[in-house]
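Listed here are the chains, written in short residue letters.
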Amino acid sequence: MLDRHRQKSDRTRAGRDAQPLERSVDRRWDEECVMDRDEVTASAIREMGSRVLLPPTRLAVADLISAGRRLRRRRQVAVGGAGALGLALVAVVSATIVVEPRASGTDGWTAAGSGTPGATSRSCTVERLPLPAGTARFDVTAGSPSGGSLVGNAYSDSDAISRPLIWDGATVETLSMAVHSAEAVAVNDSGVVVGRGTRVGGVTFGWAHLDGRLVELPTPAGYDSAEATGINSRGEAVGIALGENRASVAVVWRVLDGRTQADRLAAPGSALAFGISDTGAVVGELEGTGAYVWDPDGRGRQLTTPSEGGRARGVRGDWVYGTVTSQTQHTAVPPVISGSESPSTATNPSPGVLWNLRTGQATEVSDGVVGAVTGTGEAVVNDAGRAKIRGADGESHPLPGLSEGGRSSATAISDNGSLIAGTATDDKGTRHPVRWRC
């Protein structure tokens, strides 16, 4: 394992030279900005192409840029009507991904900035989302902050192998992967999905998926397996690597010199990383201690919890959500990745907690487990089989179900709080993926 001096040097170099897994730009561009960005993108693709061996292709950089412009113009027209979503430009160079973000519309997740932090004045409706044919079981694990995507996993009757799903608006697609089993855990506004793959024999690895391509994320030297648990708008992914005796280390994947590199985060013990903000702050858990956060420079500190222990499961802006746990509940493998139950549906779940990184304040959520949070502190909470929306003021109200007395669970919320996703049961007790509009 690298000593602390080597880790500090790696982090300093990563901060200076790192490129994200994707190139993110402002959604509200004008034509002049589009031209400037195209030139920068073309330059980046040519530079990466000079460093790595490209697969055979008949596409030139100019062709990619031109295709991106045509898709962008069609998408801008469609957004004014049905809110159609689509990737404007995709270029994969070895393990480097260059992507423009999806546009937001009324049919998908909406952009941040127009939401109201209070929950009690909301009126919400619920709608079912489709599933692939033959799906026996499924989960909805996460949603993009503002881009129109949801991810989850499907299982058939014939086996227990998971297959990643992505919902884009009202459509669902099974992600094609040439691996034994794969689980989707997180997605960003450009539609880049990350998760855990399992080979025959049980060895796991972290992956990123884009435009039908599976990019395997490197496992750090000295560790046997890994899994990706989160991704931000810059394309930086986080996760966990496991070594001998299940000792774990928090990992950040970035692109350096055209290749993806796994940077280990320094910690005084076994550590887990579950989320990364757009500024590069990483949240997770220090085993035996509780919730933990690393700043963008890799300096870690414990998060104060209202009671014993804790685990930070995700971050959006200055807000972190997680659970309060006892010391006996700590585990080296996050249940949202390796188990069949999410924190929102597990039996006897631990109380929820919200942290504000700017003020340092921790607030225990006494009325359920937090499923997701916005950058303004609004959250979805799951309590005794009912999903609720909780305002930043602490007031909450239940989300409508598909049937009277039916169960529901929420695991995603858009940044302005207008769209929420999860699962709900109908009047026959059948479980469905759903989206709430508030």
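Refer to the structure presented above.
Residues numbered from 1 in each chain as written. Predicted model: local features only at pLDDT ≥ 70, side-chain atom pairs only at ≥ 80, totals over all residues. Heavy atoms only, no water.

Colleague: Hey, could you run me through the state of the cysteines in this one?
Modeller: Every disulfide links exactly two cysteines, by a covalent bond between their sulfur atoms. Counting across every chain of the model gives 1 disulfide. Covalent S-S linkage joins Cys 124 and Cys 438, the inter-sulfur distance amounting to 2.2 Å. For the disulfide bridge between Cys 124 and Cys 438, the dihedral angle about the S-S bond is near 115 degrees, and by the sign convention the bridge is right-handed. Of the two residues, Cys 124 is situated in the loop between β2 (96-99) and β3 (125-128) and Cys 438 in the segment after β30 (431-437); the sequence distance between them amounts to 314 residues. Judged by relative accessible area, which is 14%, Cys 124 ranks as buried. (Disulfide = S-S within 2.5 Å. Helix = DSSP H or I, 4+ residues; strand = E, 2+ residues; numbered from the N terminus. Buried < 20%, exposed > 50% of the residue type's maximum accessible area, 1.4 Å probe, protein only.)

Colleague: Where do I start with the packing of aromatic side chains in this structure?
Modeller: Where two aromatic rings form a pair, the distance of their centres and the angle of their planes describe that pair. What the rule picks out here adds up to 1 aromatic pair. With centroids separated by 4.9 Å and ring planes inclined at 70 degrees, the aromatic side chains of Tyr 292 and Trp 294 adopt a geometry described as edge-to-face. Note on accessibility: Tyr 292 and Trp 294 belong to one class, buried. Above the plane of the ring of Tyr 155 lies Arg 137, whose end atom (NZ or CZ) is 4.5 Å from the centre. (Phe/Tyr/Trp six-rings, centres within 6.5 Å; stacked < 30°, edge-to-face > 60°. Lys NZ or Arg CZ within 6 Å of the ring centre and 35° of its normal.)

Colleague: Which parts of the structure should I look at to understand the environment of Thr 323?
Modeller: Summarising the element assignment, Thr 323 is placed in strand β21 (residues 319-323). On the basis of relative accessible area, Thr 323 is assigned to the buried category, the value being 4%. Here the alpha-carbon distance between Thr 323 and Arg 313, two residues 10 residues apart in the chain, equals 7.7 Å. Beyond its immediate chain neighbours, meaning those up to four positions away, Thr 323 contacts Gly 310, Arg 311, Arg 313, Ser 350, Pro 351, Gly 352, Val 353, Trp 355 and Val 369. (Contact = heavy atoms within 4.5 Å.)

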